[in-house]
Amino acid sequence: AAKRLRESGKLETPTDADVAKQTIRVTLDRKRRAGKTVTIATGFQHTPETLATVAQALKKKCGSGGTAKGAEIEIQGDHMTRVKGELEKMGYRVK
């Protein structure tokens, strides 16, 4: 169904927006995680492949696991300052 919509032009294929134009919000979350802290970066405008590579780079820098879901990246643990610093080095605007 999605392929038909994409071919007819009603469903846009995701594209990568310019890194400097994206504002990323980095927060900590403990809800629905059995009390464990997770660092969440939201607001990405990338294709799933590009988002996965950004998530992989952040996970390596933090030395922990995580995932890329939708337009957000989850990193296990409290790595808020490190994630903010790495995203700023990559050229993102971070709040």
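Residues numbered from 1 in each chain as written. Predicted model: local features only at pLDDT ≥ 70, side-chain atom pairs only at ≥ 80, totals over all residues. Heavy atoms only, no water.

(A) Expanded view of the pairing of strand S2 (residues 38–42). Counting buried positions along S2 yields four of five residues, so the element is predominantly enclosed. Both strand S1 (residues 23–29) and S2 contribute to a ladder of five bridges, which runs antiparallel. Its bridge partner lying in S2, Leu28 is registered against Thr39. Examined bridge by bridge, S2 and strand S4 (residues 72–76) share four bridges and lie antiparallel to one another. Among the inter-strand pairings, Ala41 is bridged to a residue of S4, identified as Ile73. (Buried < 20%, exposed > 50% of the residue type's maximum accessible area, 1.4 Å probe, protein only. Helix = DSSP H or I, 4+ residues; strand = E, 2+ residues; numbered from the N terminus. Pairing = 2+ DSSP bridges.)

(B) Summary view of the nonpolar core. Core analysis: the largest hydrophobic core is formed by 15 residues, its most contacted members being Phe44, Ile73 and Leu87. Only S1, helix H2 (48–62), S4 and helix H3 (80–90) provide two or more residues apiece to this core. At five residues, H2 tops the list of elements feeding residues into this core. If we skip the residues at most four places from it in the chain, Ile73 touches Thr39, Ile40, Ala41, Phe44, Leu51, Val54, Ala55, Leu58, Thr67 and Ala68. (Core = buried A, V, L, I, M, F, W, Y, C linked by side-chain atoms within 4.5 Å. Contact = heavy atoms within 4.5 Å.)

(C) Quick peek at the confidence of the model for the chain. The pLDDT averaged across the chain works out to 88; a share of 87% of its residues lies at or above 70. Confidence, expressed as mean pLDDT per element, reaches its minimum in the chain at helix H1 (residues 2–8) with 68 and its maximum at S2 with 96. (pLDDT = per-residue confidence, 0-100.)

(D) Quick peek at the packing of H2 against H3. Remark: H2 packs on H3, axes separated minimally by 10 Å, with the N-to-C direction vectors making an angle of 130 degrees. Comparing the axis directions of H2 and H3 gives the class oblique. Crossing of H2 against H3: the hand is right-handed. Residue-level contacts link Val54, Ala57, Leu58, Lys61 and Cys62 of H2 to Arg82, Val83, Glu86, Leu87 and Met90 of H3. By residue class, the composition of the contact of H2 with H3 is seven nonpolar, no polar and three charged. (Axes fitted to C-alpha atoms, helices over the stretch in contact; angles between N-to-C directions. Parallel < 35°, antiparallel > 145°, perpendicular 65-115°, else oblique. Left-handed = near helix turned anticlockwise from the far one by under 90°. Nonpolar A, V, L, I, M, F, W, Y, C, P; charged D, E, K, R; others polar.)

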